[in-house]
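A closer look at the structure
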Amino acid sequence: MMKRALLLLAAAVTATTVLAQSSSATITMQVPNAPAAKATRPIMLVIHGGAGTILKANMTDEQEKQYRDGLTQALRAGHAILARGGTSLDAVEATIRVLEDNPLFNAGKGAVFTHEGRNELDASIMEGKTRKAGSVAGVTIIRNPISAARAVMEKSPHVMMVGRGAELFATKMGLEIVDPSYFWTERRWKSLQQELTTPQASLEPAGDKKFGTVGAVALDRDGNLAAGTSTGGMTNKQFGRVGDAPIIGAGTFAENESCAVSATGHGEFFIRWTVASDIAALVKYRGLSVQQAADEVINRKLKDVGGEGGVIALDAKGNFATPFNSEGMYRGWIGADGVAQVRIYKD
């Protein structure tokens, strides 16, 4: 009996040892793997270069190429910032600066002329995270009005500055100041002369309508939106006229909870119908997609009252829309793949 008890005890000890070894091996095998890499958030940049009577029949192949190249250059400038983890605000400013420096577009160099033969420039910028915003209007010596708008937002307690005051502020902030002649281009000067010699019963622009505003909306890797808009306004504008581009909620709006919007078109309508903020409200309060909201405002509300133009709109998931109710709109977009897409006509 004693011998059998000893054998059973030995067997039990052996079994316990085996189980312990097996358990130890199992624990070793179940050491968790290294944490998976954090999913990369989307980045997106959408731009416009103006809307209006833009028809393929009125443009040569060379002219079309120049516009496409200009839009592509702007897209790549902004995308480079987003791709390296930069902010949507930086991307919007850099993108619009490229368009302001390109005489093809009605913003910065190449802006249209007022009735008095001056170039009066407007711009605004807004970030979606804090809803901070800045704008300038009626400036004549600031090379890049979009940078002045950002300076107002970040370095002053105000949202909007106009005319001489905005120019003095920009000078104190160290922004590049130029002689007004810098903005002069022969093409825009001829457009003014044509309108001055065309009989008009009102202040409406004569001939083909081109609302040459430029704008950008961007989404960065942190999920923050931003929007910006810049323009020279309408050819032959009078009495210090200011359009929607520098007005937050009309031509520009950004809010992470809804979307970022930049508009181009007949500014008086965009102001009265608060186009940019209306689109954002439809996204936020009615749960519409940016495409549905932008279409609702541009292709129904505005169209019904005779307002012409378009918008670019972008949400925090990277969804975007580029609706317009005119014959064409210079526009483009670029995402994480780095492939620039550019469109001009209704295609």
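Everything in this summary refers to the structure shown in the same document. All figures in this text were calculated on a predicted structure; none of them were measured in a lab.

Concerning the packing of aromatic side chains
Evaluated as defined, the whole model comprises 7 aromatic pairs. Seen from their ring centres, Phe269 and Trp273 are 6.1 Å apart, and the 25° between their planes marks the pair as stacked. On the basis of relative accessibility, which here comes to 15%, the residue Phe269 falls in the buried class. Ring centres of Phe320 and Trp333 lie 5.2 Å apart, and the angle between their planes is 45°; this geometry places the pair in the tilted category. A residue pair is termed long-range when its members are at least 10 positions apart, and Phe320 in strand E11 (residues 320-321) and Trp333 in strand E12 (residues 328-335) qualify at 13 residues. Overall, the relative accessible area of 19% leaves Trp333 in the buried class.

Thoughts on the environment of Ala218
With respect to the element layout, Ala218 can be found in strand E6 (residues 214-219). Remark: the alpha-carbon pair of Ala218 and Phe320, spanning 102 residues in sequence, is separated by 10.0 Å. Apart from residues no more than four positions distant in its own chain, Ala218 is found in contact with Met44, Leu45, Leu82, Ser88, Ala91, Val92, Asn224, Leu225, Ala226 and Leu314.

Comments concerning unusual backbone geometry
The phi dihedral of Arg131 is positive, around 60°, even though this residue is not glycine. If you check the backbone angles, Phe239 has positive phi at about 60° while not being a glycine.

Brief notes about the packing of helix H2 (residues 61-83) against helix H3 (residues 88-100)
Closest axis-to-axis distance for the H2/H3 pair is 8 Å, and the angle between their directions is 155°. What the angle tells us is that H2 and H3 run roughly antiparallel. The interaxial crossing formed by H2 with H3 has right-handed handedness. In this structure, H2 contributes Gly70, Leu71, Gln73, Ala74, Ala77, Gly78, Ile81 and Leu82 to the contact, and H3 contributes Ser88, Asp90, Ala91, Ala94, Thr95, Val98 and Leu99. When grouped by side-chain class, the residues that make up the contact of H2 with H3 number 9 nonpolar, 5 polar and 1 charged.

Some words on the pattern of salt bridges
Tallying each qualifying case throughout the model produces 17 salt bridges. Two residues, Glu64 and Lys56, come together in a salt bridge whose shortest N-O distance is 2.9 Å. Classification of Glu64 as buried rests on a relative accessible area of 11%. Among the salt bridges present, the one from Lys190 reaches Glu186, with a minimum N-O distance of 3.3 Å. With Lys190 and Glu186 both in helix H6 (residues 186-196), this residue pair falls 4 residues apart, about one helical turn.

Details of the sheet that holds strand E9 (residues 260-265)
Judged by pairing direction, the sheet is antiparallel, and its 4 strands sit side by side in the order E8-E9-E10-E11 without closing on themselves. Strands with a single pairing partner mark the edges of an open sheet, and in this sheet they are strand E8 (252-254) and E11. Relative to E9, E8 runs antiparallel, the two sharing 3 bridges. Residue Thr252 lies in a different strand from E9, and its bridge partner there is Ser262. In the packing of helix H9 (residues 290-304) onto the sheet, the strands contacted are strand E10 (309-314) and E11, and the crossing angle to E10 comes to about 160°.

The rules we used
Residues numbered from 1 in each chain as written. Predicted model: local features only at pLDDT ≥ 70, side-chain atom pairs only at ≥ 80, totals over all residues. Heavy atoms only, no water. Phe/Tyr/Trp six-rings, centres within 6.5 Å; stacked < 30°, edge-to-face > 60°. Buried < 20%, exposed > 50% of the residue type's maximum accessible area, 1.4 Å probe, protein only. Helix = DSSP H or I, 4+ residues; strand = E, 2+ residues; numbered from the N terminus. Contact = heavy atoms within 4.5 Å. Axes fitted to C-alpha atoms, helices over the stretch in contact; angles between N-to-C directions. Parallel < 35°, antiparallel > 145°, perpendicular 65-115°, else oblique. Left-handed = near helix turned anticlockwise from the far one by under 90°. Nonpolar A, V, L, I, M, F, W, Y, C, P; charged D, E, K, R; others polar. Salt bridge = Lys/Arg side-chain N within 4 Å of Asp/Glu carboxyl O. Pairing = 2+ DSSP bridges.

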